[in-house]
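# Remarks on the overall topology
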Amino acid sequence: MFKTERKEKRRDLILLRAFFLPAILLICSSCSVKNEKPAQVCGFRVVNVYPHDAKAFTQGLFFDGGFLYEGTGLKEASSLRKVDLATGAVVKTRSLEGKYFGEGITICGDNIIQLTWQSNTGFVYDKNTFDLLRTFQYPGEGWGITYDGSRLIMSDGTSRLRFRDPVTFSETGGVNVRANGKPVENINELEYVRGEIYANIWKSDYIARIDPRTGDVTGWLDLTGLLKPEDRGLLTDVLNGIAYDPAGNRLFVTGKMWPKIFEIEIVPPGSQ
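## Here's the deal with the pattern of salt bridges
For the structure on display, the rule yields 11 salt bridges. We note a salt bridge from Asp148 to Arg151, for which the minimum N-O separation is 2.8 Å. Between Glu196 and Arg209 there is a salt bridge, with its nearest N and O atoms 2.9 Å apart. Placement of the pair is Glu196 in strand E17 (residues 196-201) and Arg209 in strand E18 (residues 206-210), with a sequence separation of 13 residues. Judged by its relative accessible area of 17%, Glu196 is buried. You can call Arg209 buried: its relative accessible area is 18%.

See the structure below:
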């Protein structure tokens, strides 16, 4: 009787292990995913504030030689601009044909490259004269663009960043942007900053810091509250526009139809 009871208990124990072990492993696996270290979320400190044309539907922003270069959007209102940072005065401008909806810009050598939204067309200008040098075509939508010194990096509103040759504009590769294993959609204006890609996420107050080698989001910059309620008008739109001054290590941000451009300093969590 004793031997029979011990065999039955042993059999029950084996069954329990067979039943619960996979469940335990699954739970542990889920825990390891949930406990994966999330990307750090940083705050900001405003260093300086500069005037900005509140009628500019900012799609691209770049700092070079003491000036801001800005691409603006909307049909019948899209343009390329050279802007005096201190005063906000537009010192040079070139309007796009009314059929084009201007998007991101970047400077590549002595040229400025500008995308359009749904026209599958990009423009290359002389940086000094704004003369149109050539056009190029690409599939899909154009959103943001930046240059890392050897290749163009382009967004199209999805979670994919595409690399392009700066001479031929042919696609040479790309990465899928992910945060905690999930795709990050609506990647908009881009800026290459010290080996990282900074990206506005459309309709949010967040800037993603992306590793261009892997597409992983390594950190977030939360700009909630940057533009105060009293500075918002009826046409004020979303945060969009990142420019970096490598010589002065200065970071500038603005938004579509914002009356101000902000020079900010990144503040790690717990340091506010």
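## Some details on the environment of Leu251
Position of Leu251 relative to the elements: it lies in strand E21 (residues 250-255). For Leu251, a relative accessible area of 6% gives the class buried. Ignoring any residue separated from it by four or fewer positions in sequence, one finds Leu251 in contact with Tyr198, Leu221, Ile242, Ala243, Tyr244, Phe262, Glu263, Ile264 and Ile266.

## Section: the pairing of strand E7 (residues 111-116)
The buried fraction of E7 amounts to five of the six residues, a majority that puts the element mostly inside the structure. In the sheet, strand E6 (residues 102-108) pairs with E7 via five bridges, with the strands oriented antiparallel. For Gly102, the partnering residue across the bridge sits in E7 and is Thr116. The hairpin formed by E6 and E7 contains two residues between the paired strands, and Gly109 there has a positive phi angle of roughly 65 degrees. Two elements, E7 and strand E8 (residues 121-126), share five bridges in a ladder whose sense is antiparallel. Along E8, the bridge assignment pairs Leu115 with Gly122. Between E7 and E8, which pair antiparallel and follow one another directly, the connecting turn spans four residues, one of which, Asn120, has a positive phi of 60 degrees.

What counts and how
Residues numbered from 1 in each chain as written. Predicted model: local features only at pLDDT ≥ 70, side-chain atom pairs only at ≥ 80, totals over all residues. Heavy atoms only, no water. Salt bridge = Lys/Arg side-chain N within 4 Å of Asp/Glu carboxyl O. Helix = DSSP H or I, 4+ residues; strand = E, 2+ residues; numbered from the N terminus. Buried < 20%, exposed > 50% of the residue type's maximum accessible area, 1.4 Å probe, protein only. Contact = heavy atoms within 4.5 Å. Pairing = 2+ DSSP bridges.

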